[in-house]
Amino acid sequence: MMAKQHSVWNPADARAIIAAELHREGAMLPILHALQAAFGYIPRDAEPLVAEALNLSRAEVHGVISFYHDFRREPAGRHVLKLCRAEACQSMGSEVTARRLLDLLGLDWGETSPDGRITIEPVYCLGLCATAPSALFDDEPIGRADQQMLETLVAEAA
Amino acid sequence: MKLFIPQDMAAVAVGANRIAAAVEAEARARNMPLTIVRNGSRGLFWLEPLLEVETPAGRIGYGPLTVADVKALFDANIFEGGTHAKCVGPVEAIPFLARQTRFTFARAGIADPASLDDYRALGGYKGLETALSIGPAAIVAAVKDSGLRGRGGAGFPTGIKWETVARTGADRKYIVCNADEGDSGTFADRLIMEADPFMLIEGMTIAGIGVGATQGYIYLRSEYPFAIAMMNRAIALARRAGLLGAAINGSAHAFDIDVRVGAGAYVCGEETSLLESLEGKRGQVRAKPPLPAIKGLFGRPTIINNTITLASVPFILAEGAQRYAELGYGRSRGTMPVQIAGNVRHGGLFECAFGVTLGELVDDIAGGTASGRPVRAVQAGGPLGAYFPPSLFDTPYDYEAFAKRDGLIGHGGLVLFDDTADMARMARFAMEFCAHESCGKCTPCRIGAVRGVETFDKIAAGIEPEKNLALVRDLCETMKLGSLCALGGFTPYPVLSALNHFPQDFTASPLPLAAE
Ligand SMILES: Cc1cc2nc3c(=O)[nH]c(=O)nc-3n(C[C@H](O)[C@H](O)[C@H](O)COP(=O)(O)O)c2cc1C
Ligand code: SF4
Ligand code: FES
């Protein structure tokens, strides 16, 4: 599995990304998604740029970013494994599987392995609830996820 | 020779892309000319990945497949009547599908979802044709007459909402599709967007013409990358065909749609929070009134409807309101796509008329649990819905009947749990989820849910269980009465139903998860 490539933060690219979304009504979320897609996270230094473009205060922009679970304030690992923690997945034992995997890696929810290889995040439902437990490994959906499968996936993630 | 392998996210999650690649490679190696159509899913998820072969006797299914099965399928020569152990027979005769009344999901899984020609060939855009010929007032009347109620959870009559927007004058109006589908156990919106995207576009377009709105938004959760890609693709195709844009199908009506991606907040499924989010703000719930129908997105009159609500409209226009309204139970008219999930043997989407009992759905249609153990509880209606024990399985699937039993049908999800489920843990989770997703606007929700989690931890640790159980009930009362929206207001449903129906789970202290 190929790791995602992100650009290193730089204000010039950020300005171009913001400008490309500005024509939309309510451009804030599209801008934030585009920034995260480019850099892998939304650096603090991006806040004043977004604020200026949308004619808002920096505090307002900060408030929006911090409201949404999706927006990262720090880079994630090279791979991101999102494990579903919602009810349908729980009914198929997802919590036990997740706990074992986290223990194996010595991580807690939201943490990245020290070698920067992988971040484990919670997600609340992927709409794959009839083939639970579910996960998302980078962009790849995974159904009927058992312990062995997830361990292999994590072991092979480079 | 024509084969079908779904491109649906759930099918891909269990290997559909690998099956498609293996089939292609095998056909090439054997020099066999095969056409592989990447269709949407039929919604029979326990059979995914499901491969279908077109034959003179209809489409024959094989599933659930593994890559290792592919070579054997070719060896058995299934394309010329050979047999294989994974054969499930003619797909449309599978009882789970044959017993459905598919109005809204009639096309799901049949064709390539991104083909406008296929959509038209299967009856698509007939509703729009009718809509354009009868005009705005008759469109709204048809939706009203159909008895359609909102499928997002609250069950509000759709026609009345539309009428309000139609009557409110403004320089600009909006149609917002709520595709935030955050409820665990639900995937009907996802299935429609991935399997029949043009139907949603058609439904939104009819709504736009009906109330005089020119801009539509689909607020689509980020957890649905396949649906996002499919909707964007379908919108581009519809635009190119003149079915979106300045002159819908050559008429004087203008309408366009833009997909907006959510950002992982469950509360943004609540309609006013969603509108805030679309405007680029924190997704905090607005006080009502004003209703979104009068002052919605950017202060303009706005229809905000669930994906399935809007997707039900083309059928109603094409086939007539009466045809929809004649099915149902009590004030719940038409069909509901019930989504059966969790620890389930035959999990998937089951569209049927209202009135079927919960027990029929769980035992008869879904065949009980995947584990083969007895069903202990069913959570109906997502994380804000009640847990039903088997003793309540005679409840008819109907908004009012569920409400009478302190439950809700919500967006139509059913999550099955077997007899290993720890209902105290599920009750604690309901509080934890509320605390995690609270928008923070009201104290009973923001603080109450956190207190709820702490109190359940005390109960599990054996600290003053009786006093603390009473405290949980108190908290639930406060949350019910003092919350602005149903996140805080309905979290007591799963909590209290677990307490009332499974009291024995709240006495012993369960082992910590890691020790199991
Ligand atoms: C916390 C919360 C989450 C909600 N999530 C959704 C959702 O994901 N999808 C949806 O259609 N409605 C959701 N609703 C219901 C909406 O507020 C609203 O009733 C619905 O979009 C109206 O459309 P309808 O009349 O077509 O159902 C939610 C409500 C609450 C309180
Ligand atoms: S009940 Fe909770 S989510 Fe709803 S408005 Fe109040 S604080 Fe926000
Ligand atoms: S609950 Fe896990 S995918 Fe829906």
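Just so we're clear, the structure is a prediction, and the values are computed from it rather than from any experiment.

Asker: How would you sum up the overall build of chain A? Please name residues and give values.
Answerer: Broken down by element type, chain A carries seven helices and four strands. When the helices and strands of chain A are read in sequence order from the N terminus, they spell out α-α-α-α-β-α-α-β-β-β-α. Along the first, second and third principal axes, the C-alpha atoms of chain A reach 50 × 30 × 25 Å. Buried residues in chain A amount to 56% of all 158 residues. Pairs at least 24 residues apart make up 62% of the contacts formed inside chain A by residues separated by at least 6 positions. Approximately 6,900 Å² of chain A is accessible, and the part contributed by carbon and sulfur atoms is 52%.

Asker: Talk me through the overall build of chain B; I want residue IDs and the actual numbers.
Answerer: In terms of regular secondary structure, chain B is built from 22 helices and 16 strands. Computed over C-alpha atoms, the radius of gyration of chain B comes to 24 Å, within 12% of the 24 Å expected from 2.2 N^0.38 for 516 residues, which places it in the range of a compact globule. Its C-alpha atoms give chain B principal-axis dimensions of about 75 × 60 × 40 Å. Counting the 516 residues in chain B, one finds 60% classified as buried. For chain B, the proportion of contacts with a sequence separation of at least 24, taken over those separated by at least 6, is 70%. For chain B, the accessible surface area stands at approximately 18,200 Å², while carbon and sulfur atoms represent 54% of it. Across chain B, the mean location of the 50 positive side-chain charges is 4 Å away from that of the 54 negative side-chain charges.

Asker: I'd like a description of the environment of T119 of chain A, backed by residues and values.
Answerer: Residue and element names in this part refer to chain A. Here T119 lies in strand β2 (residues 118-123). You can call T119 buried: its relative accessible area is 2%. Residues T119 and A132 lie 13 residues apart in sequence; the distance between their C-alpha atoms is 21 Å. Excluding anything up to four places from it in sequence, T119 contacts A76, G77, H79, V80, L81, G110, E111 and T112.

Asker: Any details on helix α2 (residues 28-39) of chain A? Residues and values, ideally.
Answerer: Its 12 residues give α2 of chain A an end-to-end C-alpha distance of 17 Å, which sits within 8% of 16 Å, the value for a rise of 1.5 Å per residue. By the burial criterion, the buried members of α2 of chain A are M28, L29, P30, I31, L32, A34, L35, Q36, A38 and F39 of chain A. At its buried positions, α2 of chain A is contacted by α1 (11-21), α3 (46-54) and α4 (58-67) of chain A together with β7 (215-220), β8 (256-261) and α12 (271-278) of chain B.

Asker: Explain the interface of chain A and chain B residue by residue, including any values.
Answerer: With 43 residues of chain A in contact, the opposing surface of chain B contributes 69 residues. Around 4,000 Å² of area is buried between chain A and chain B when both sides are counted, 59% of it from carbon and sulfur atoms. Three residues, E25, F67 and E87 of chain A, lead the burial of chain A against chain B; their summed loss comes to 18% of the area buried on that side. Counting every contact that joins chain A to chain B gives two salt bridges. A salt bridge links E25 of chain A to R172 of chain B; its shortest N-O distance comes to 3.4 Å. The interface formed by chain A and chain B holds 29 residue pairs in polar contact (both at pLDDT 80 or more) in total. Of all the elements in the fold, those that place two or more residues in the side of chain A that touches chain B are α2, α4, α5 (87-90), α6 (94-105) and β4 (140-142) of chain A. With five residues, α6 of chain A is the single largest residue contributor to the side of chain A that touches chain B. Classifying every residue of the side of chain A that touches chain B gives 21 nonpolar, 10 polar and 12 charged.

Asker: I'd like to hear about the packing of helix α9 (residues 188-195) of chain B against helix α10 (residues 197-211) of chain B, residue by residue, with values.
Answerer: All names here are of chain B. Where α9 meets α10, the axes come as close as 5 Å, and the angle between the chain directions of the two elements is 100°. Relative to α10, α9 is oriented roughly perpendicular. Residues I192, M193, E194 and A195 of α9 pack against P197, M199 and L200 of α10. In terms of residue class, the contact of α9 with α10 is made up of six nonpolar, no polar and one charged.

Asker: I'd like to hear about the sheet that holds strand β9 (residues 302-306) of chain B, residue by residue, with values.
Answerer: All names here are of chain B. Ordered in space as β8-β7-β6-β9, the four strands form an open sheet in which the pairing is parallel. The open sheet terminates on both sides in strands that have one partner only, identified here as β8 and β9. Between one strand and the next, the sheet's axes are offset by a mean angle of 20°, whatever the strand orientation. Where strand β6 (residues 174-179) and β9 come together, five bridges link them in parallel fashion. Residue V176 lies in a different strand from β9, and its bridge partner there is I304.

Asker: So what's going on with the site of ligand 1? Residues and values would help.
Answerer: All names here are of chain B. In the vicinity of ligand 1 lie 18 residues, with G152, N178, N305, N306 and T309 positioned nearest. K161 is positioned such that a nitrogen or oxygen atom in its side chain is 3.1 Å from an oxygen atom of ligand 1. Here an oxygen atom of ligand 1 and a backbone polar atom of G182 are 3.4 Å apart. With respect to the detected pockets, ligand 1 is housed in the second largest pocket. Broken down by element, the residue count for the shell around ligand 1 peaks at three residues, all from β9.

Parameters at a glance
- Residues numbered from 1 in each chain as written.
- Chains lettered and ligands numbered in written order.
- Predicted model: local features only at pLDDT ≥ 70, side-chain atom pairs only at ≥ 80, totals over all residues.
- Heavy atoms only, no water.
- Helix = DSSP H or I, 4+ residues; strand = E, 2+ residues; numbered from the N terminus.
- Buried < 20%, exposed > 50% of the residue type's maximum accessible area, 1.4 Å probe, protein only.
- Contact = heavy atoms within 4.5 Å.
- Areas by Shrake-Rupley, 256 points an atom, 1.4 Å probe, with all protein chains shown as cover.
- Rg over C-alpha atoms; globule rule 2.2 N^0.38 Å.
- Lys, Arg positive; Asp, Glu negative; His and termini not counted.
- Charge placed at Lys NZ, Arg CZ, Asp CG, Glu CD.
- Expected span 1.5 Å × (residues − 1).
- Buried area = accessible area lost by both parts, 1.4 Å probe.
- Salt bridge = Lys/Arg side-chain N within 4 Å of Asp/Glu carboxyl O.
- Polar contact = N/O pair within 3.5 Å; in protein donor to acceptor, adjacent residues only side chain to side chain.
- Nonpolar A, V, L, I, M, F, W, Y, C, P; charged D, E, K, R; others polar.
- Axes fitted to C-alpha atoms, helices over the stretch in contact; angles between N-to-C directions.
- Parallel < 35°, antiparallel > 145°, perpendicular 65-115°, else oblique.
- Pairing = 2+ DSSP bridges.
- Near = heavy atom within 4 Å.
- 1 Å grid on protein atoms, 1.4 Å probe; cavity = no way out; pocket = protein on both sides within 12 Å on 5 of 7 lines; lining within 4 Å.
- Sits in = over half its atoms within 2 Å of the grid points.

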